[in-house]
Amino acid sequence: MKAPGQGRGVLVLPSRILELWHGFRYLLVFGACVAGVATYIYTKLRSRRTKALSSPFVITPNAEFVTVEKSGWLEKKPPTGKIGENERGLNWEKTVSDVRLKKKLEDARTRVRTTPKRVKGSKVLKKLLLEEHQRPLTTQIQPVIFFSSLTGTTEKFANTLLKGLEESLKDQRAMLKVPQIHDLSYIDHDDYFIGPPQPDGLAGDVQYFYLILLPSYDIDTALDNFLSHLQETHQDFRIDTASLSGLAGYSVFGFGDREGWSTEADGFCSQAIEVDKWMAKLTGRKRAFPLGLGDVKSDAAVRLDEWRIGVVGVLLDIAAHGSLGEGVMGSGDAIESDEENSTELSTTTETAIQRPPKRKRPGQRLSIGDVEDLGRKARAQIDDNLAQEPFPYPLPIDFTASITPSMSPAAPKQMVPVSSPTHVALTKQGYTIVGSHSGVKICRWTKSALRGRGSCYKFSFYGIKSHLCMETTPSLSCSNKCIFCWRHGTNPVGTTWRWEVDPPVLILNGAKEGHYKKINMMRGVPGVRAERFQEAMKIRHCALSLVGEPIFYPHINEFVALLHKERISSFLVCNAQHPDQLAALKPVTQLYVSIDASNAESLRKIDRPLHRDYWQRFLRCLDIMREKRFSMRTVFRLTLVKGFNIDEEVEGYADLVALGLPGFVEIKGVTYCGTSSSAGAGLSMHNVPFYCEIVEFVEVLNAALGRRGLEYGIAAEHSHSCCVLIASKRFFVEGKWHTLIDYEKFFECLESGKEFSPEDYMGPPTPEWATWGSGGFDPADERVDRKGKPKAAVTNSVGSPAV
Ligand SMILES: Cc1cc2nc3c(=O)[nH]c(=O)nc-3n(C[C@H](O)[C@H](O)[C@H](O)COP(=O)(O)O)c2cc1C
Ligand code: SF4
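Rules and cut-offs
The residue numbers shown here count from 1 along each chain, following its written sequence. Note on labels: chains are lettered from A, ligands numbered from 1, in written order. Two thresholds apply to this predicted model, a pLDDT of at least 70 for residue-level local features and 80 or more for giving and counting side-chain atom pairs, whereas whole-chain, interface and lining totals are computed over all residues. The helix and strand labels rest on DSSP assignments: H or I over at least four residues marks a helix, E over at least two residues marks a strand, and numbering proceeds from the N terminus. Two residues form a contact once the distance between their C-beta atoms, set from the backbone, is within 7 Å. Contact assignment follows one rule, namely that a residue is near a molecule or strand if its backbone-placed C-beta atom lies within 6 Å of it. For this classification, the nonpolar set comprises Ala, Val, Leu, Ile, Met, Phe, Trp, Tyr, Cys and Pro, the charged set comprises Asp, Glu, Lys and Arg, and every other residue, Gly included, is treated as polar. Exposure criterion: with C-beta atoms placed from backbone coordinates, a residue whose C-beta has 20 or more other C-beta atoms within 10 Å is buried, one with 12 or fewer is exposed, and one in between is partly exposed. Two strands are counted as paired when DSSP detects at least two bridges linking them. Viewed with both strands pointing away, a crossover whose connecting path from the first strand over the helix to the second turns clockwise is right-handed. As a rule, the C-alpha atoms of each element are fitted with a line to give its axis, helices using only the stretch in contact, and angles between N-to-C directions run from 0 to 180 degrees. Should an angle lie under 35 degrees it is considered roughly parallel, over 145 roughly antiparallel, and from 65 to 115 roughly perpendicular; all remaining angles are considered oblique. Here a crossing is called left-handed whenever its near helix is offset anticlockwise from the far helix by less than a right angle, and right-handed whenever the offset is clockwise. Working rule for helices: expected span equals 1.5 Å times residues minus one. Nonpolar core, as used here: buried Ala, Val, Leu, Ile, Met, Phe, Trp, Tyr and Cys residues forming one set through C-beta atoms within 7 Å. Domains are outlined according to an automatic or database domain assignment. Known as pLDDT, the predictor's confidence for each residue is given on a scale from 0 to 100.

## Considerations on the overall build of the chain
The helix and strand inventory of the chain stands at 25 helices and 17 strands. Put simply, of all contacts in the chain between residues at least 6 apart along the chain, 76% involve residues at least 24 apart.

In structure tokens:
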């Protein structure tokens, strides 16, 4: 039997528990849930951590691949071999076998850490490049010569260059480091031709300047590897397309053999030309000096030396100014000659002629016979007219006339002040305004010649190399308002000189400075030939035929004398409106008048002269030209405008030739300038004659001169610029035309102080390729189309025009 208390106590315990459960059950359930969740999270976290710790270190793909691509070393490979397997079990150690590559990767990492770069698969924006190049250069420049040589020739030249550079740059050590030299066969191309080298601890303190000397081989050589390397680097989408833009600049010199590969088209220096192109792309057009080419069997040493001098000049520029100067990216865009608006414009528009319908001039034709006498008669007739029948209006004051005190104007103003619209307009069109009334502009032929694409017709006719020629004017103002003048509306005009006068020295120095500056801007333009670039740095000829009227300038004689003193020849074109000034003009190498029309009415409509006695002035000028023909070479320049003056004007022009008896008559087609004023005058592209039409006109004119008993003949042509030369038989010697000029002889004659005639400085015979029927394009140059592609040579046989 159980004790009563004992049995009750047993019953009370469960009910107590039940009671407690009811009282705390929600709390207990909630606590259990929280504990469960916490345990779950803890377990999860713990398991992750364990897994991570047991896996090999994996480089973050993004960061590391970017690193690799930025440095340009590897294609989608992790960058180091010291790490073991990754999650997929690939052993990177095995994939990176090249020890050097590993080192580069390390370097690349360092580089990336110090100089982060963006991956760019597209073309580098010009603006970005500009910014980069425009930053002031405070770093030292390290010139590096690279060469390749199979038989030792290039190596020898490279070492000579090294010595030359060391010598020339020794005083510039603060900015220019001692040049280095590397054989391309012994260096790793990756070290220098993916990105500029980064010297340890000096990143940012040194910029490299590459000089690359190469022979050319049309067989497989190590050079092909180098070329492929450049090409692949440029085309590698992971690498900046201009990955070498960090260079200070570069220039290439090629050695070849003209005996076996006579022209560039035949392969002369082909590989140097290729390398130059790839380097231009890789550096973002940092060609600091034009590509030089030398023939190992003739001129290599001379050409290399010229090139060295040019390169040293550039390096010194950098030392002095901290920048590459003009002509390379970042310092002023060099204008491609193909894009250039034609300077011929100035010479053609100033003479283009609008002709009235067919005009009969019975009784006005000069008879065959004594043309001299006729000239005198014409002059006498004019004088009579002036004396007996004064003009019904007051004659305008010629600027050559003396001015009475009462008429003297107040203080003269500047002709083209800097703030004037004319200044702005001319500057925009590429003119450099010199002083307050002069201008200079590099013409498209100068650019063309620098690139070996041909000189203007003056080379074929007179031996003027266009890259040695400066086109300028000492007076932007003129006394005509020709309807076809592209400057119409903004050009200063006047019958008298009423502006401040700049001294001739100032004009010449300013013009030369402006010209050289523009030449310098061609430095980085593809295709510019180093030797021509060098030659262009010495002006040999001056064409005073830009815009305006050169003899309007009161000190024209002094200006021309300064040119001659520097042995610069002078070709002066005037508009036949300033007879007194023309009469007072001292000898120039060649004197032109523009013949814009063959009768007074026509001239008035076309030239819209300010002088009311314009026709008398015009005739007087022809008269003076006739008188001057034994003291200097005289030229009539005719510009033909289709639909205006080709068919009907031949006889009239022949009469004018009979009057002035020029040594030469240049006939050329107008160049359409496409301005609103020319369009307003009814001119369009349809008025530009084809060469065959020029040829036809010339033949008819030649016949017309013959009928007048004038001893002229068709001497030369330049079909490339639609231009033909008729010459006096004075220049036909021993069965050959002698239209070229002996410039040295001209200066000698001048310096002798004695009287001399054009025959005294007549040059050698006109080259065969320039004579009538041969086309007139210098075979040493390459004719190209507008896109710069080689064009078939035009050999225009007489009567079957080619253009
Ligand atoms: C097999 C061979 C191929 C050549 N091919 C060219 C060529 O295509 N174009 C060229 O201008 N010169 C060519 N040359 C001429 C060399 O470029 C020239 O002799 C040069 O100076 C060699 O330089 P190096 O002695 O430094 O190797 C070739 C010469 C050889 C022997
Ligand atoms: S003469 Fe001189 S300025 Fe005139 S087109 Fe020829 S190169 Fe140019």
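After that view, the rundown keeps rolling.
## Side note on the site of ligand 1
Looking at ligand 1, there are 21 residues lining it, with Ser 149, Thr 153, Thr 154, Pro 215 and Gly 256 nearest. Residue assignment for the shell around ligand 1 shows that the elements contributing at least two residues are α6 (153–169) and β4 (249–256). Of the residues contributing to the shell around ligand 1, the split by class is nine nonpolar, ten polar and two charged.

## A few points about the pairing of β4
Buried residues dominate β4, accounting for eight of its eight residues. The side-chain alternation of β4 yields two buried faces, one formed by Gly 249, Ser 251, Phe 253 and Phe 255 and the other by Tyr 250, Val 252, Gly 254 and Gly 256. Bridging between β4 and strand β5 (residues 292–295) involves four bridges; their strand directions are parallel. If you follow Phe 255 over to β5, its bridge partner there is Gly 294. Taking the sense of rotation as the criterion, the β-α-β connection linking β4, helix α9 (residues 270–282) and β5 turns out right-handed.

## Concerning the site of ligand 2
Around ligand 2 sit eleven residues in total, of which Cys 443, Cys 456, Ser 466, Cys 469 and Glu 471 are the nearest. Listed by contribution, the elements that provide at least two residues to the shell around ligand 2 are α14 (444–450) and β8 (469–473). The residue makeup of the shell around ligand 2, split by class, is six nonpolar, three polar and two charged.

## With respect to the packing of helix α16 (residues 504–520) against helix α18 (residues 556–565)
Think of two packed helices as two axes; the pair is described by the angle between the axes and how far apart they sit. For the pair α16 and α18, the least separation of the axes is 9 Å and the interaxial angle reads 50 degrees. Between α16 and α18, the angle falls in the class oblique. Handedness of the crossing formed by α16 with α18: right-handed. Contacts from Pro 504, Val 505, Ile 507 and Leu 508 in α16 reach Glu 558, Phe 559, Leu 562 and Leu 563 in α18. Looking at the contact of α16 with α18, its residues break down into seven nonpolar, no polar and one charged.

## Description of the sheet that holds strand β2 (residues 180–183)
Taken together, the five strands give an open sheet; going across it, the order is β2-β1-β3-β4-β5, and neighbouring strands pair in parallel fashion. Two strands bound the open sheet, and with one partner strand each, they are β2 and β5. In this sheet, adjacent strand axes meet at a mean angle of 20 degrees when their direction is disregarded. In this sheet, β2 lies alongside strand β1 (residues 140–147) in parallel orientation, the contact comprising four bridges. For Val 144, the partnering residue across the bridge sits in β2 and is Gln 180. Sitting on the sheet, helix α10 (residues 300–321) touches β1, β3 (206–215), β4 and β5, and the angle it makes with β5 is about 160 degrees.

## Observations concerning the packing of helix α22 (residues 650–660) against helix α24 (residues 691–707)
Two elements in contact, α22 and α24, have axes separated by 9 Å at closest approach and are oriented at 50 degrees. Put simply, α22 runs oblique to α24. Crossing of α22 against α24: the hand is right-handed. Touching Val 650, Glu 651, Tyr 653, Ala 654 and Val 657 of α22 are Phe 697, Val 700, Leu 701, Ala 704 and Leu 705, all from α24. Residues of the contact of α22 with α24, tallied by class, amount to nine nonpolar, no polar and one charged.

## A few points about α24
Quick reminder: α-helices carry 3.6 residues per turn. Residues three or four places apart thus point the same way. Along its 17 residues, α24 runs 24 Å from first to last C-alpha, staying within 8% of the 24 Å computed at 1.5 Å per residue. Regarding α24, the residues found buried are Tyr 691, Ile 694, Val 695, Phe 697, Val 698, Leu 701, Asn 702, Ala 704 and Leu 705. The elements touched by buried residues of α24 are β12 (633–640), α22, β13 (664–669), β14 (712–718) and β15 (723–728). Gly 709 occupies a position one or two residues after α24 and carries a positive phi of about 75 degrees.

## Concerning the nonpolar core
The biggest cluster of nonpolar side chains holds 169 residues, and the ones touching the most others in it are Leu 213 and Ile 726. It is α24 that contributes the most residues to this core, eight residues altogether. The residues that make up this core include at least three from each of domain 2 (126–321) and domain 3 (430–770). Sequence-distant contacts of Ile 726, that is, excluding residues within four places in its chain, are made with Phe 664, Val 665, Ile 667, Val 698, Leu 701, Asn 702, Tyr 712, Gly 713, Ile 714 and Ala 715.

## Let's talk about the sheet that holds strand β10 (residues 569–574)
What the ten strands build is an open sheet, ordered β6-β7-β8-β9-β10-β11-β12-β13-β15-β14; its pairing is mixed. In this open sheet, the two edge strands, each paired with only one partner strand, are β6 (432–434) and β14. Ignoring which end each strand starts from, the neighbouring axes of this sheet average 25 degrees apart. Pairing geometry for strand β11 (residues 590–595) and β12, over six bridges, is parallel.

## Topic: the confidence of the model for the chain
Per-residue pLDDT for the chain averages 75, and the proportion of residues at 70 or more is 69%. Scored below 50 in pLDDT, residues 1–10 makes one contact in the model with residues more than four places away or belonging to other chains. Contacts of residues 793–803 to residues separated by more than four positions or lying in other chains number 31 contacts, the stretch itself having pLDDT below 50. Across the predicted assembly, pTM comes out at 0.59 and ipTM at 0.87.

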